[in-house]
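Given next are the chains, with one letter for each unit.
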Protein chains: 2
Amino acid sequence: MSYKMIVPDLGEDTLSRLRTAVPEMTFLVAQNKEEALTLAPEVDAIYTFCTPELLAAAPNLKWVQALSAGVERYPFDELEKRGIIFTNASGVYGAHLADHLMAFILAFSRQLPVLFQAQQAHDWKSRKTYPPGDLRGQTLLIDGLGGTGQDLAQRAKGFDMRVIATRRHLDRPKPDTVEAVYAHDQLRNVLPEADWVAVCVPLTDETRDRYHNAEFALMKNTAYITNIARGKIINTDALMNALDNKQIAGAGLDVTDPEPLPTDHPLWDYENVIITPHASGHSPNADENILNLICENAQRFVKGKPLKNQVHLNLRY
Amino acid sequence: MSYKMIVPDLGEDTLSRLRTAVPEMTFLVAQNKEEALTLAPEVDAIYTFCTPELLAAAPNLKWVQALSAGVERYPFDELEKRGIIFTNASGVYGAHLADHLMAFILAFSRQLPVLFQAQQAHDWKSRKTYPPGDLRGQTLLIDGLGGTGQDLAQRAKGFDMRVIATRRHLDRPKPDTVEAVYAHDQLRNVLPEADWVAVCVPLTDETRDRYHNAEFALMKNTAYITNIARGKIINTDALMNALDNKQIAGAGLDVTDPEPLPTDHPLWDYENVIITPHASGHSPNADENILNLICENAQRFVKGKPLKNQVHLNLRY
């Protein structure tokens, strides 16, 4: 039996590896959405390019592979109605995302934003008192204990931090690196304990504006929030208000709302905000990781086996 | 029996805590070196202020406590000749030093120097290819597996890095976090393996210029060196030469030679060098930690017990 899958132009080397790994699958290259649309009628599977128009044009589609871990833009209703298998790239970026969160936390705890500016000014100055202090013994709240959250917990434990977390799947085993796990909807109860908050939940209708005025009011005024998930999980106006009123100490943001952050947005200039341009998933290894995932899923697909990284269509992540 | 110890002006609260903790010891406050010198003839112990002149003026001196972990400036010959107990602040700064080294490593691996500048320019740009990549699986060479080195190894292990180390005391047990430990003089043999080098050796006559042209030539051109120990362990001209010739990828320096780094020094402006002003030991906890150490050592001293953190007078650290 032979199958067809649309893929973006991954380069000759990568395409050749895919073709060798999964000879039962014909990989059709689309340079853009329009080309994907013209190829849609004949395919069984697609990697990225999944719009409502494409779904409508692809009557035989059985599998959609997303390039990203966050999939809030995908047409869930239609995927669910047609029973299309939907897989994301969760885990592919996990280690980098956790590294990036620890980079935010350490940058703040070691004063790097202040000291970078001092270096630019050739100024050998030294500030002895800085609130965050030793990470040892401080409490990190990981909001969303999925793959990234667990990678982060492992890293934080190496610093002898106290790690607590929220998760939706309370039935899953608690990693040894985490002291206590709370239900997803217990966020307000645990926020007051946190010296550091790491936002690792997916964006859904439920998590949009999960951090708003009430949440910032509950945080320690010495606490920092960090976000590598999606910008809209934090209400930007509420965040700026909390920073202006010194309700929290600062924020490390790899994602923003709006995104990209417009040039004239006031968030750029907060001294206690580090902004990185959705760079937490970047790594020379990411391409290799996702290629391995696609190879494996394509091999499973042609053999009729369950795919890895299936998105919960009802939960929308 | 009553003893006398010179201390700097630690503030009323701290002095009061010391006096309560060690009633057998009279703590004499010196505002500066000159005052310390006039108090010297009558004292048994001194915290910091230890110059050759002071030693000569203090015939009854039996114990010197240093404020720092690095003690290369102390008058070893005289201390050794007179059998004066010499204790340093090793361990007091360990956790912060290890945090600082990881801050350097993560800042480079997550491109923070580039992205800080992008933030200053309000520029949402994104560089997808950056050499360091995932820390997972990369090799960290810890040159000097003392307290700081072991704290660093624990942190690096949380990132699934491969950790190797040099140490002088090969007879001591190898921590589980370290894959292999090599002799202090095997540096050149292990440098070619390292993606990251963390300098954690004390400054002695032997370690001065430990990193010079030959060492940089042995490093990977994708490797970074980080230093929180003492500036003179790295030869600055050789470092700049290695950076200019792209023999190494960059450097994170909390200590420099000369130090403070003069305003017009070319090292300030290297894009792939992060300079922090000997700030790695700074922490709101450091004062508390060293106070606890002094309390404990003073209690041991008045009871004639062995002190903590004794410096090896023969090894000079």
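## Examining the packing of helix H1 (residues 12–21) of chain B against helix H11 (residues 284–302) of chain B
Residues and elements named next belong to chain B.
Inference 1: Two numbers describe how H1 lies on H11: the axes approach to 10 Å, and their chain directions differ by 30°. With respect to their mutual orientation, H1 and H11 come out roughly parallel. Crossing hand, H1 versus H11: right-handed. Here Thr14, Arg17, Leu18 and Ala21 of H1 come into contact with H11, specifically with Leu291, Ile294, Cys295 and Gln299.

## Describing H11(B)
Residue and element names in this part refer to chain B.
Inference 1: With 19 residues, H11 ought to run about 27 Å at 1.5 Å a step, and its terminal C-alpha atoms sit 29 Å apart, in line with that.
Inference 2: Restricting attention to buried positions, one finds in H11 the residues Ile290, Leu293, Ile294, Asn297, Ala298 and Phe301. For H11, the buried positions fall inside an angular range of 130° around the axis, keeping them on one side.
Inference 3: Contact partners of the buried residues in H11: strand E1 (3–8), H1, strand E2 (25–30), strand E3 (45–47), strand E4 (63–65) and strand E5 (85–87).

## Some details on unusual backbone geometry
Residues and elements named next belong to chain A.
Inference 1: Between Glu259 and Pro260 the backbone carries a cis peptide bond, its omega angle lying at -5°.
Inference 2: One non-glycine residue with positive phi stands out, namely Asp160, at about 60°.
Inference 3: Along the chain, Asp160 turns up in the loop between helix H7 (147–158) and strand E7 (162–167).
Inference 4: Even without glycine at this site, Asp209 takes up a positive phi of about 55°.

## A closer look at the domain arrangement of chain A
All names here are of chain A.
Inference 1: Looking at chain A, the domain boundaries give domain 1 (3–91 + 284–302) and domain 2 (94–275).
Inference 2: Residue-level contacts link five residues of domain 1 with eight residues of domain 2.
Inference 3: Along the lines of polarity and charge, the residues of the side of domain 1 that touches domain 2 split into one nonpolar, three polar and one charged.

## Focus: the sheet that holds strand E8 (residues 180–183) of chain A
Residue and element names in this part refer to chain A.
Inference 1: Ordered in space as E8-E7-E6-E9-E10-E11-E12, the seven strands form an open sheet in which the pairing is parallel. Taken across any chain shown, the strands that pair with only one partner, and hence form the sheet edges, are E8 and strand E12 (273–275). This sheet shows a mean twist of 15° between the axes of neighbouring strands, independent of strand direction.
Inference 2: Direction of pairing for strand E10 (residues 224–227) relative to strand E11 (residues 250–253): parallel, over a ladder of four bridges. Looking at E11, one finds that Tyr224 is bridged to Gly250.

## Topic: the pairing of strand E10 (residues 224–227) of chain B
Residue and element names in this part refer to chain B.
Inference 1: What you see with E10 is no split at all: Tyr224 and Thr226 on one side and Ile225 and Asn227 on the other are buried throughout.
Inference 2: In this sheet, E10 lies alongside strand E9 (residues 196–199) in parallel orientation, the contact comprising four bridges. Across the sheet, the residue bridging to Trp196 is Tyr224, located in E10.
Inference 3: Once the chain exits E9 it traverses helix H9 (residues 213–218) before rejoining the sheet at E10, and the crossover so formed is right-handed.
Inference 4: Taken together, E10, helix H10 (residues 236–244) and strand E11 (residues 250–253) constitute a β-α-β crossover, and its handedness is right-handed.

Each value, and the rule that gives it
- Residues numbered from 1 in each chain as written.
- Chains lettered and ligands numbered in written order.
- Predicted model: local features only at pLDDT ≥ 70, side-chain atom pairs only at ≥ 80, totals over all residues.
- Axes fitted to C-alpha atoms, helices over the stretch in contact; angles between N-to-C directions.
- Helix = DSSP H or I, 4+ residues; strand = E, 2+ residues; numbered from the N terminus.
- Parallel < 35°, antiparallel > 145°, perpendicular 65-115°, else oblique.
- Left-handed = near helix turned anticlockwise from the far one by under 90°.
- Contact = placed C-beta atoms within 7 Å.
- Expected span 1.5 Å × (residues − 1).
- Buried ≥ 20, exposed ≤ 12 C-beta atoms within 10 Å, placed from the backbone.
- Arc of directions from axis to C-beta.
- Domains from an automatic or database assignment.
- Nonpolar A, V, L, I, M, F, W, Y, C, P; charged D, E, K, R; others polar.
- Pairing = 2+ DSSP bridges.
- Right-handed = clockwise from strand over helix to strand, strands pointing away.

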